[in-house]
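So you can see what is in the structure, the chains are spelled out below.
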Amino acid sequence: MLTKRIIPCLDVKNGETVKGVNFENLKYAGDPVALAKKYSTEGADELVFLDITATNEKRKTIVELVEKVAKEVFIPFTVGGGISDIEDIRQILAAGADKISFNSSAVKNPKIINDCVNYFGSQCIVVAIDAKKIDGEYYVHINAGQKNTGKKLLDWAKEVQERGAGEILLTSMDFDGTQKGFDIDMNALVSNNVNIPVIASGGAGANSAHFVDVFNKTRVDAALAASIFHFNTLPVKQLKEELLAAGIETRKV
């Protein structure tokens, strides 16, 4: 049986970890370096670091902070936010990241996916997709969820795969921060129709049943969460133990 991955996410703004609901009302959630070290020690399978305002502020990801985080973790480490060209990726990987994540820049210039896959390899190229349900259809949003692109989610997910991306980080804007559980319909739609790994994001609460549901009812390979880990309402180690009891294998802590 393939093991599932549990991935804490650090949403970073102005050098601090923050968390909101539906991409709004952000509040302080801790020091990103300290949290990264904690999750690495607790047995998280991977870590995602997203500089969430880099695109809207038209600046690059904070490379110095990436370096500090990378020194504290011994698990795969993905970085996203404001990355728009090969030189950006080179700097982020040189700072210690294992993978990079595109979102807005990939939608605006899809060919960048092909170019970066050809240069760095698909194994380190993740495309993040933020989607919201409107009139019964999921649409892709960019610029930290502020702009509806008009692209249908499944069409974009398939294109991302065709262009060579190694993985999709799929976030439900409707469920983000609600802690009511993952968007099963959205995650099933994408994971059932692409062959690359999909990371489910948005909606995890302090209830391992949310993770059991998304793993049992969809084909996602990993589940990402933030609030429940930052505020220690469901520690990584406890979650993994409860998943194992439910028959879901994760990497051993």
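Refer to the structure above for everything that follows.
What you are looking at is a predicted structure, and each value in this text was computed from that prediction instead of being measured.

Peer 1: Talk me through the overall build of the protein chain; I want residue IDs and the actual numbers.
Peer 2: When its secondary structure is counted, the protein chain shows 10 helices and 12 strands. By the burial criterion, 56% of the 253 residues in the protein chain qualify as buried. By sequence separation, contacts in the protein chain at least 24 residues apart represent 66% of the contacts at least 6 residues apart. Of the accessible surface of the protein chain, which amounts to about 10800 Å², a share of 48% is contributed by carbon and sulfur atoms.

Peer 1: An account of the side chain of histidine 230 is requested, with residue identities and associated values reported.
Peer 2: Tracing the backbone shows histidine 230 in helix 9 (residues 227–230). When its relative accessible area of 9% is taken as the criterion, histidine 230 is described as buried.

Peer 1: Quick rundown of the nonpolar core? Include the residues and the values.
Peer 2: Among the nonpolar cores identified, the biggest contains 70 residues, and Phe77 and Phe211 are the most heavily contacted of them. Leu50, Val126, Ala128 and Leu169 belong to the second-largest nonpolar core, a separate cluster that totals 10 residues.

Peer 1: Talk me through the pairing of strand 11 (residues 198–201); I want residue IDs and the actual numbers.
Peer 2: Because side chains alternate across strand 11, one face comprises the buried residues Val198 and Ala200, and the other comprises Ile199 and Ser201, equally buried. Pairing analysis gives four bridges linking strand 10 (residues 167–172) to strand 11, with the strands arranged parallel. Residue leucine 170 lies in a different strand from strand 11, and its bridge partner there is alanine 200. Read from strand 10 through helix 7 (residues 184–191) to strand 11, the crossover connection turns out right-handed. Pairing analysis gives three bridges linking strand 11 to strand 12 (residues 222–225), with the strands arranged parallel.

Peer 1: Got a sec to walk through the packing of aromatic side chains? Specific residues and values, please.
Peer 2: Evaluated as defined, the whole model comprises four aromatic pairs. Pairing phenylalanine 49 with phenylalanine 77 gives two aromatic rings, centres 6.2 Å apart and planes at 85°, and the pair type is edge-to-face. Taken together, the residues phenylalanine 49 in strand 4 (residues 47–51) and phenylalanine 77 in strand 5 (residues 77–80) connect sequence positions 28 residues apart. A relative accessible area of 0% means that phenylalanine 49 is categorised as buried. Take phenylalanine 77: its relative accessible area is 0%, and that puts it in the buried class.

Peer 1: Could you give me a rundown of helix 2 (residues 63–70), with the residues and numbers involved?
Peer 2: Turn by turn, an α-helix covers 3.6 residues, leaving residues three or four places apart pointing in a common direction. Among the residues of helix 2, those classed as buried are Val63, Leu65, Val66, Val69 and Ala70. Projection of helix 2 onto a plane perpendicular to its axis shows the buried side chains occupying an angular sector of 160°, all on one side. Helix 2 presents Glu64 and Lys68 as exposed residues on the side facing more than 90 degrees away from its buried surface. Looking at the buried positions of helix 2, the neighbouring elements they touch are strand 1 (5–13), helix 1 (32–42), strand 4, strand 5 and helix 3 (86–94).

Peer 1: I'd like a rundown of the environment of alanine 106, residues and numbers included.
Peer 2: Assignment of secondary structure puts alanine 106 in helix 4 (residues 104–108). The spatial distance from the C-alpha of alanine 106 to the C-alpha of valine 160 is 8.7 Å, given a sequence separation of 54 residues. Sequence-distant contacts of alanine 106, defined by excluding residues within four places in its chain, comprise Ile112, Ile113 and Trp156.

Peer 1: Please give an account of the side chain of threonine 250 that cites residues and values.
Peer 2: By the secondary structure assignment, threonine 250 is in the segment after helix 10 (236–245). Threonine 250 has contacts with Thr3, Lys4, Ile6, Lys240 and Leu243, leaving out every residue within four places of it along the chain.

Peer 1: Any chance you could break down the packing of helix 6 (residues 153–162) against helix 7 for me, citing the residues and the numbers?
Peer 2: Here helix 6 crosses helix 7 at 40°, and the two axes come no closer than 9 Å. Considering the angle they form, helix 6 stands oblique to helix 7. Between helix 6 and helix 7 lies a crossing of right-handed hand. For the pair helix 6 and helix 7, contact is made by Leu153, Leu154 and Ala157 and by Met186, Leu189 and Val190, respectively. A breakdown of the residues in the contact of helix 6 with helix 7 according to their chemical character gives six nonpolar, no polar and no charged.

Peer 1: Mind laying out the packing of helix 8 (residues 208–217) against helix 10, listing which residues take part and the relevant values?
Peer 2: At a closest axis distance of 9 Å, the pairing of helix 8 and helix 10 adopts a crossing angle of 55°. The orientation of helix 8 with respect to helix 10, classified from their angle, is oblique. Where helix 8 crosses over helix 10, the two elements pack in a sense that is right-handed. Residues Ser208, Phe211, Val212 and Phe215 of helix 8 pack against Leu239, Glu242 and Leu243 of helix 10.

About the cut-offs
Residues numbered from 1 in each chain as written. Predicted model: local features only at pLDDT ≥ 70, side-chain atom pairs only at ≥ 80, totals over all residues. Heavy atoms only, no water. Helix = DSSP H or I, 4+ residues; strand = E, 2+ residues; numbered from the N terminus. Buried < 20%, exposed > 50% of the residue type's maximum accessible area, 1.4 Å probe, protein only. Contact = heavy atoms within 4.5 Å. Areas by Shrake-Rupley, 256 points an atom, 1.4 Å probe, with all protein chains shown as cover. Core = buried A, V, L, I, M, F, W, Y, C linked by side-chain atoms within 4.5 Å. Pairing = 2+ DSSP bridges. Right-handed = clockwise from strand over helix to strand, strands pointing away. Phe/Tyr/Trp six-rings, centres within 6.5 Å; stacked < 30°, edge-to-face > 60°. Arc of directions from axis to C-beta. Axes fitted to C-alpha atoms, helices over the stretch in contact; angles between N-to-C directions. Parallel < 35°, antiparallel > 145°, perpendicular 65-115°, else oblique. Left-handed = near helix turned anticlockwise from the far one by under 90°. Nonpolar A, V, L, I, M, F, W, Y, C, P; charged D, E, K, R; others polar.

Note that all results are geometric; they support no functional claim without further evidence.
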